[in-house]
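Each chain, letter by letter, is given below.
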Amino acid sequence: MAARLLKSLQPLASKSVSTPALISKRWKPTSAKYDQCLLNAPETKITTLQNGVRVATEDSGLPSCTVGLWVEAGSRYESDRTNGVANLLEHLAYRGTSTRSQADIVKDIEGIGAHLNSYTGREQTAFYAKASAQDAEKVLDVVADILQNSKFDQGDIDAERKVIHQELQEVETDLQQVILDYLHATAFQGTPLARSIYGSTKNINTLTREDLLEYRSTNLKGPRIVLAAAGGVDHEQLVRAAEKTVGTIATAYDSTEIPLVSNCRFTGSEIRHRDDSMPLAHIAMAVEGAGWNSPDRIPLLLASTVSRCRDSSCYVTA
């Protein structure tokens, strides 16, 4: 039957195809002007809650959305003794909260066809979910719950230690990841940015529940959190939901001393790990660039994107 259908469509296809000259003219690459791109881009709306949490949305009218919480916290905000605590906290977030068990989290997310994810970096930690636009408030409730109310049971901590050990072994076999850790270790030597997000084997084994609670209470503050959403999201509606879910996050510190992040410096240097038994060499080079607060960061990101493109179509102009 499939063959008969394809055969019956051949005359129709042959009549509908234009000449090659017309096709190439119709699909000739064109360049959009800057103002045209701005007109086509959805407006970014930003609202700051009373506790300092910033809510940023872009409503593109799509039937789906992505909603997440980004926290200014990562391995840069750890000490040598607690290095790896942010990564362990991320793992434990899915183990259950004071209001939801692990099964409840799975049910609330998968029951509406959503997808929950997270990552830990050197300067930020994120928990986000992709879902239907109509379920934006539901996934926000789950994401906010696991960020604020994870239980950190001792049995779960011990189980996640084993998981992180396995991840660490996998990372050590990924030489592209290894050289980037080496790059940070030498470029930012003597500063918190030199640390790996996974921590050492010793730290993974010695981190305690008290370390997790202290790290969360120290870094989970309103002014250091951004609630971002894109897709089919209504800004005012999401702001009202944010006031209920993250609007009560504290802004003040329990202790009189506010923790300050250490300054990081870039050091021109070199590190080599030679292994003649390997057939390939993995090399990474870096130069000091613009920081996130610099006005040059956008041109630098654009130049980085262009330089990574190895397809000749990236350089075609009209």
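Anything mentioned here points back to the structure above.
Model, not experiment: these values are computed from the prediction.

## What to know about the environment of Ala-229
When you line up the elements, Ala-229 lands in strand β6 (residues 225-231). Given the relative accessible area of 6%, Ala-229 is considered buried. Excluding residues within four positions of it along the chain, Ala-229 makes contact with Ala-56, Thr-57, Glu-58, Thr-66, Val-67 and Leu-238.

## Observations regarding the layout of surface pockets
Its boundaries defined by the atoms lining it, the largest pocket holds a volume of some 2100 Å³. Along its surface, the largest pocket is lined by 43 residues, and Glu-123, His-184, Phe-188, Ala-290 and Trp-292 are the ones closest to its centre. Of the residues that constitute the lining of the largest pocket, the class distribution is 21 nonpolar, 10 polar and 12 charged. What the second largest pocket holds in volume is close to 810 Å³. Lining the second largest pocket we find 26 residues, and of these Ile-179, Ile-271, Arg-272, His-273 and His-282 sit closest to its centre.

## With respect to helix α7 (residues 154-173)
Between its first and last C-alpha atoms α7 spans 30 Å; for 20 residues at 1.5 Å apiece the expected length is 28 Å, and the two agree. Buried within α7 are the following residues: Asp-156, Ile-157, Glu-160, Arg-161, Ile-164, Leu-168 and Val-171. In a view along the axis of α7, the buried residues occupy a sector of 140°, so they form one face of it. Of the exposed residues in α7, the ones pointing more than 90 degrees away from its buried face are Gly-155, Lys-162, Gln-169, Glu-170 and Thr-173. In this structure, the buried residues of α7 make contact with α4 (85-92), α8 (175-187), α9 (201-206) and α10 (209-219).

Conventions we followed
- Residues numbered from 1 in each chain as written.
- Predicted model: local features only at pLDDT ≥ 70, side-chain atom pairs only at ≥ 80, totals over all residues.
- Heavy atoms only, no water.
- Helix = DSSP H or I, 4+ residues; strand = E, 2+ residues; numbered from the N terminus.
- Buried < 20%, exposed > 50% of the residue type's maximum accessible area, 1.4 Å probe, protein only.
- Contact = heavy atoms within 4.5 Å.
- 1 Å grid on protein atoms, 1.4 Å probe; cavity = no way out; pocket = protein on both sides within 12 Å on 5 of 7 lines; lining within 4 Å.
- Points joined across faces, edges and corners; volume = space filled by probe spheres on them.
- Nonpolar A, V, L, I, M, F, W, Y, C, P; charged D, E, K, R; others polar.
- Expected span 1.5 Å × (residues − 1).
- Arc of directions from axis to C-beta.

These figures come from the coordinates and say nothing about function on their own.
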